[in-house]
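# Structural features, examined
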Amino acid sequence: LHDALPICAETAEVVKKSADSIAVYTAAKLEADEVLTVVGEERRKKDAGFSYIILRPGGLTDDAATGKVEFGRTKGAGRVPRGDVARVAAEVLGVEGANGWYDLLEGGEPVEKEVERVVREGVDSVEGEKIEEMKGALERAIAREKEVKA
């Protein structure tokens, strides 16, 4: 038992570092999504033909792609194979009218059917988010960066 303790401590440290890395990644991804949303919405005010797409997959897995997903506004956290993420990205980029935030998880509907439905219905997971608050946070971050450089 004594010999097992260092391994457990090492394992605990690895798990903690991994969890910390995921938390940092998640925060950075959300911040990037928000910046791109602010920029995209500002551009859309000037150019009605402009669109942007932010794909927000759940936890990525190395499982084989199934070609079946839950797409658009999902009901919560989940997972999705990387191959399905790539397939959805390629599909949504080819659909006229696609715009906004799209959540993506493994699911039960074929990729093509889900993408077509979500775009046709105008689903956008950013609905309910406070874009003006995103814009304010971005402006404050830019101001802080300028102060640091001054």
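Here we summarise the structure given alongside this text. Computed from a predicted structure; not experimentally measured. (Residues numbered from 1 in each chain as written. Predicted model: local features only at pLDDT ≥ 70, side-chain atom pairs only at ≥ 80, totals over all residues. Heavy atoms only, no water.)

## Quick notes on the packing of aromatic side chains
Tallied over the entire structure, the rule returns one aromatic pair. With 5.1 Å between their ring centres and 25° between their planes, Phe71 and Tyr102 make a pair best called stacked. Remark: Tyr102 occurs in strand β5 (residues 100–106) and Phe71 occurs in strand β3 (residues 68–72); sequence separation between them is 31 residues. Classification of Tyr102 as buried rests on a relative accessible area of 1%. (Phe/Tyr/Trp six-rings, centres within 6.5 Å; stacked < 30°, edge-to-face > 60°. Helix = DSSP H or I, 4+ residues; strand = E, 2+ residues; numbered from the N terminus. Buried < 20%, exposed > 50% of the residue type's maximum accessible area, 1.4 Å probe, protein only.)

## Some words on the pattern of salt bridges
In this structure the tally under the stated criterion is 15 salt bridges. When salt bridges with common partners are traced through the structure, they connect Glu114, Glu116, Arg117, Arg120 and Glu121 into a single cluster. (Salt bridge = Lys/Arg side-chain N within 4 Å of Asp/Glu carboxyl O.)

## A word on the packing of helix α2 (residues 82–93) against helix α3 (residues 111–121)
The interhelical angle for the contact between α2 and α3, taken along N-to-C directions, is 45°, at an axis separation of 10 Å. The angle between α2 and α3 falls in the class oblique. Regarding α2 and α3, the two cross each other, and that crossing is right-handed. Of the residues in α3, those in contact with Arg87, Val88, Glu91 and Val92 of α2 are Val111, Glu112 and Val115. A breakdown of the residues in the contact of α2 with α3 according to their chemical character gives four nonpolar, no polar and three charged. (Axes fitted to C-alpha atoms, helices over the stretch in contact; angles between N-to-C directions. Parallel < 35°, antiparallel > 145°, perpendicular 65-115°, else oblique. Left-handed = near helix turned anticlockwise from the far one by under 90°. Contact = heavy atoms within 4.5 Å. Nonpolar A, V, L, I, M, F, W, Y, C, P; charged D, E, K, R; others polar.)

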